[in-house]
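Descriptive analysis of the structure
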Amino acid sequence: MSHYQKLLQIQTAGKSLYKITSKVESVVAESGIETGLCTLFLRHTSASLIIQENADPDVLTDLSNFFAKLVPEDDRLYIHTTEGSDDMPAHIRTVLTKTSEQIPVYRGRLALGTWQGIYIWEHRQRSHQRELLVHISGD
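Residues numbered from 1 in each chain as written. Predicted model: local features only at pLDDT ≥ 70, side-chain atom pairs only at ≥ 80, totals over all residues. Heavy atoms only, no water.

Let's talk about the pattern of salt bridges
Applying the stated criterion to the full structure yields nine salt bridges. The shortest N-O distance in the salt bridge between E30 and K6 comes to 3.1 Å. Taken together, the positions of E30 in helix α1 (residues 21-31) and K6 in strand β1 (residues 2-11) put the pair 24 residues apart, joining distant regions of the chain. By relative accessible area, which is 30% here, K6 ends up partly exposed. The partner of R130 in a salt bridge is E122, with the nearest N and O atoms 2.7 Å apart. Here R130 falls in the buried class, since its relative accessible area comes to 3%. (Salt bridge = Lys/Arg side-chain N within 4 Å of Asp/Glu carboxyl O. Helix = DSSP H or I, 4+ residues; strand = E, 2+ residues; numbered from the N terminus. Buried < 20%, exposed > 50% of the residue type's maximum accessible area, 1.4 Å probe, protein only.)

Set out below in C-alpha cells:
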C-alpha cells in the first residue's frame, strides 16, 4: 500500500462556500494511486469541509441562509466574543458540519457522484489562508 500527502493552501475571501474539487482531484492524479481512499482534513476550527450539490448554486445559498438563522451572529448570545461577533458562531457552525471527509479513489479518480462537489465553507467574515491536508492511501 502506498501513501501520498499534500498540504494545500486555500485563500478565502470571507464567508462563503469555495469549491475545491478540482484542486483535490489534481492531488489524487499526482499520487498515482488507482484504488484507495482520499482523506481530507481542514486544519481550522472556524471553517468546515462539506460534500454538497455542485450544479445548482441555490442549494449553497439555502444552506448559508439556514445556518445564518440556526447560528446567529449576536454577541449577546455568546461568552467568547473577543475575536469578533462572527467567531463563536463560526466555531458552532464547524461543529455542526465537520473538518474532514473520506472519499474512495476508484480507477485513479475520486468516486464522487455526478452532482457532488467538495467545498471549504468559510464561516468568518474576513479572508483567511486555510490549510487542507490531502492524504491518499492505496495501490
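Quick word on a nonpolar patch on the surface
Together, F66, L70 and L96 line one region of the surface with nonpolar side chains, adding up to about 300 Å² of accessible area. Inspection of the secondary structure puts L70 in helix α2 (residues 57-70). (Patch = residues over 30% accessible without salt bridge, like charges linked within 9 Å, V, L, I, M, F, W, Y side chains within 5 Å. Areas by Shrake-Rupley, 256 points an atom, 1.4 Å probe, with all protein chains shown as cover.)

Section: the sheet that holds strand β2 (residues 16-19)
Strand order in this open sheet of three strands is β2-β7-β4, and the pairing throughout is antiparallel. The sheet is open, and its two borders are formed by β2 and β4 (47-53), each paired with just one other strand. This sheet shows a mean twist of 35 degrees between the axes of neighbouring strands, independent of strand direction. In terms of strand pairing, β2 meets strand β7 (residues 116-122) through four bridges, oriented antiparallel. Looking across to β7, one finds that K19 is bridged to Y119. Along the sheet, α2 makes contact with β2, β4 and β7, crossing β4 at roughly 140 degrees. (Pairing = 2+ DSSP bridges. Axes fitted to C-alpha atoms, helices over the stretch in contact; angles between N-to-C directions. Contact = heavy atoms within 4.5 Å.)

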